[in-house]
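# Working through the structure, step by step
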Amino acid sequence: MAETLNSRAGIGMTSARTRGRMVERLREQGIKDAIVLAAMGDVPRHLFVDQALESRAYEDTALPIGFGQTISNPYIVARMAELARHGENGNGRDLGRVLEIGLGCGYQAAVLGKLAREVVSMERIAALVGKTRPRLRQLRINNVKPKHGDGISGAQDFAPFDAIVIAAAFGEVPQALLPQLAEGGRLVMPLGNATQTLCVVERQGDSYSESLLEGVKFVPLLPGVA
Ligand code: SAH
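Let us look at the structure shown here. These figures come from a predicted structure and were not determined experimentally. (Residues numbered from 1 in each chain as written. Predicted model: local features only at pLDDT ≥ 70, side-chain atom pairs only at ≥ 80, totals over all residues. Heavy atoms only, no water.)

## Description of the site of the ligand
Contacts to the ligand come from 25 residues, most closely from G102, E123, D150, G151 and L222. A distance of 3.3 Å separates a nitrogen atom of the ligand from a polar backbone atom of R124. Between the ligand and D150, the relevant distance is 2.8 Å, taken from a nitrogen atom to a side-chain nitrogen or oxygen of the residue. Mapping the ligand onto the cavity grids shows that it belongs to the largest pocket. Mapped onto the shell around the ligand, the elements with two or more residues apiece are β2 (69–71), β3 (95–101), α5 (107–113) and β4 (116–123). Top element by residues in the shell around the ligand is β2. It accounts for three residues. Broken down by class, the residue content of the shell around the ligand amounts to 14 nonpolar, seven polar and four charged. (Near = heavy atom within 4 Å. Polar contact = N/O pair within 3.5 Å; in protein donor to acceptor, adjacent residues only side chain to side chain. 1 Å grid on protein atoms, 1.4 Å probe; cavity = no way out; pocket = protein on both sides within 12 Å on 5 of 7 lines; lining within 4 Å. Sits in = over half its atoms within 2 Å of the grid points. Helix = DSSP H or I, 4+ residues; strand = E, 2+ residues; numbered from the N terminus. Nonpolar A, V, L, I, M, F, W, Y, C, P; charged D, E, K, R; others polar.)

## Quick notes on helix α6 (residues 126–138)
With 13 residues, α6 ought to run about 18 Å at 1.5 Å a step, and its terminal C-alpha atoms sit 19 Å apart, in line with that. Looking at α6, one finds that the buried residues are L128, V129, T132, R135 and L136. The arc that holds every buried residue of α6, seen down its axis, measures 135 degrees, which confines them to one face. Remark: R140 follows α6 within two positions and exhibits a positive phi of approximately 60 degrees. (Expected span 1.5 Å × (residues − 1). Buried < 20%, exposed > 50% of the residue type's maximum accessible area, 1.4 Å probe, protein only. Arc of directions from axis to C-beta.)

Treat this as a map of the structure, not an account of what it does.
Encoded structure:
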């Protein structure tokens with residue numbers, strides 16, 4: 001693994017310049033938060049997918065990461081990060097601790113790790129945790145903590161969270177997660193099954209306001225571990 005990643009430093013279709021073009025495209029697609037755009041420009045997305053797919057890593061598309069799962073397209077990763085940061089108007093706030101549900105290949109967690117002090121990321125598939133943990137270590141991403149487990153009830157031991165980002169779709173907002181939000185914190189998730197809508201729930205004291213945004217397409221949130 002060490003040799004593999006080192007020898008994939010990035011030329012041609014995987015270079016920093018290609019990443020720069022992706023950032024330009026994100027800006028055109030409406031991402032405004034400069035900190036999120038900088039994070040997207042920093043994280044080497046091609047190192048999170050299998051080598052055979054790396055030339056496609058910066059396309060605006062979801063890609064397979066094994067086990068029937070996908071890495072979300074760059075736009076939706078940036079969009080969810082912007083919403084988590086309250087950054088829709090251009091400048092968001094720095095995040096303390098963030099909970100991600102659905103670690104997958106670790107890409108979104110790595111992006112969130114640029115915006116937060118710490119990211120706890122839960123994944124129900126043990127083999128994915130086993131593949132992603134050494135990758136994060138090798139990239140020296142030390143503030144992302146992968147955890148094997150069903151994320152539907154959150155991670156009470158690490159709460160409160162300034163943001164909770166769910167990378168898989170569910171028919172309702174998982175109620176156990178709401179009290180794990182910090183004051184002013186936001187939960188961002190794809191809500192629905194066949195038809196999904198990006199949903200933001202914001203905590204103010206003991207009340208929670210829900211906004212529904214654009215349509216999205218995610219793999220389903222599944223119960224239990226594998
Ligand atoms: N953020 C990921 C996207 C992964 S796709 C990335 O950047 O690669 C969604 C992931 O959620 C899958 O890996 C899937 O196994 C995981 N998942 C689905 N249901 C889950 C649950 N209940 N708890 C934790 N992870 C879950």
